[in-house]
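Descriptive analysis of the structure
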Amino acid sequence: MGFGVLGVFLGLLLEVSTHGPHAVPRTSWRHQDLDLMEFSEPGIFNYSTLLLSEKKDALYVGAREAIFELSKKNVTVRNNKVQWTVAENPMTMCMLKGKSKERDCLNYIRVLQVVDD
Ligand SMILES: *[C@@H]1O[C@H](CO)[C@@H](O)[C@H](O)[C@H]1NC(C)=O
Ligand SMILES: *[C@@H]1O[C@H](CO)[C@@H](O)[C@H](O)[C@H]1NC(C)=O
């Protein structure tokens, strides 16, 4: 009986440690099992920010030096693009501080927020 209680206790411990509040639920699929739609543009990197529009058929994507408006229904369709490059003066100032022109002195879109229409 002692072993039975210990067994249940250990079982509970294992249950809590593997599925406890710190466990992160994850699901994974293999690429070939899905019909994925992809978007990217040559020369554009660091697609890091997404904003889904409630009103419009739009998914906004912030990348390095660019913001895209994609179709929510088909993200391969690009409806708009805003290039946001660093002006010559701030670029020179950044490089004078010893920073990399190709890495540190570029605009990385980190936040996208709806302000109005
Ligand atoms: C941006 O993308 C480049 C090329 O994929 C990568 O090497 C770099 O680490 C990325 N930088 C940041 C800040 O995410
Ligand atoms: C998405 O748009 C592309 C380009 O217009 C088109 O070729 C493709 O069939 C569309 N895919 C879907 C699932 O609608």
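Placed above this text is the structure.
Residues numbered from 1 in each chain as written. Chains lettered and ligands numbered in written order. Predicted model: local features only at pLDDT ≥ 70, side-chain atom pairs only at ≥ 80, totals over all residues. Heavy atoms only, no water.

Let us now look at the pattern of salt bridges. This structure, assessed with the given rule, holds 5 salt bridges. Among the ionic pairs, E41 bridges to R78, the shortest N-O distance being 2.3 Å. Placement of the pair is E41 in the loop between α1 (2–19) and β1 (49–52) and R78 in strand β4 (residues 78–83), with a sequence separation of 37 residues. In this structure, K56 and E69 form a salt bridge, with 3.8 Å as the shortest nitrogen-oxygen distance. Residue K56 is located in the loop between β1 and β2 (59–62), and its partner E69 is located in strand β3 (residues 66–70); the two are separated by 13 residues in the primary sequence. Relative accessible area serves as the criterion here: at 13%, E69 is assigned to the buried category. (Salt bridge = Lys/Arg side-chain N within 4 Å of Asp/Glu carboxyl O. Helix = DSSP H or I, 4+ residues; strand = E, 2+ residues; numbered from the N terminus. Buried < 20%, exposed > 50% of the residue type's maximum accessible area, 1.4 Å probe, protein only.)

It is worth spelling out the site of ligand 1 at this point. Neighbouring residues of ligand 1: F45, N46, Y108 and R110. Separating an oxygen atom of ligand 1 from a side-chain N or O atom of N46 is a distance of 2.5 Å. Within the complex, the protein chains bury 37% of what would otherwise be the 370 Å² of accessible surface of ligand 1. A per-class count over the shell around ligand 1 returns 2 nonpolar, 1 polar and 1 charged. (Near = heavy atom within 4 Å. Polar contact = N/O pair within 3.5 Å; in protein donor to acceptor, adjacent residues only side chain to side chain. Areas by Shrake-Rupley, 256 points an atom, 1.4 Å probe, with all protein chains shown as cover. Nonpolar A, V, L, I, M, F, W, Y, C, P; charged D, E, K, R; others polar.)

Tallied over the full model, the rule gives 3 aromatic pairs. Arranged with centres 6.3 Å apart and planes meeting at 85°, the rings of F39 and Y47 form a pair that is edge-to-face. Judged by centre distance (6.2 Å) and plane angle (25°), the rings of Y47 and F68 are stacked. Separated by 21 residues along the polypeptide, Y47 in the loop between α1 and β1 and F68 in strand β3 bring together distant segments of the chain. Residue classification places Y47 among the partly exposed residues on the basis of a relative accessible area of 32%. Taken together, the aromatic side chains of F39, Y47 and F68 make up a single cluster linked through ring pairs. (Phe/Tyr/Trp six-rings, centres within 6.5 Å; stacked < 30°, edge-to-face > 60°.)

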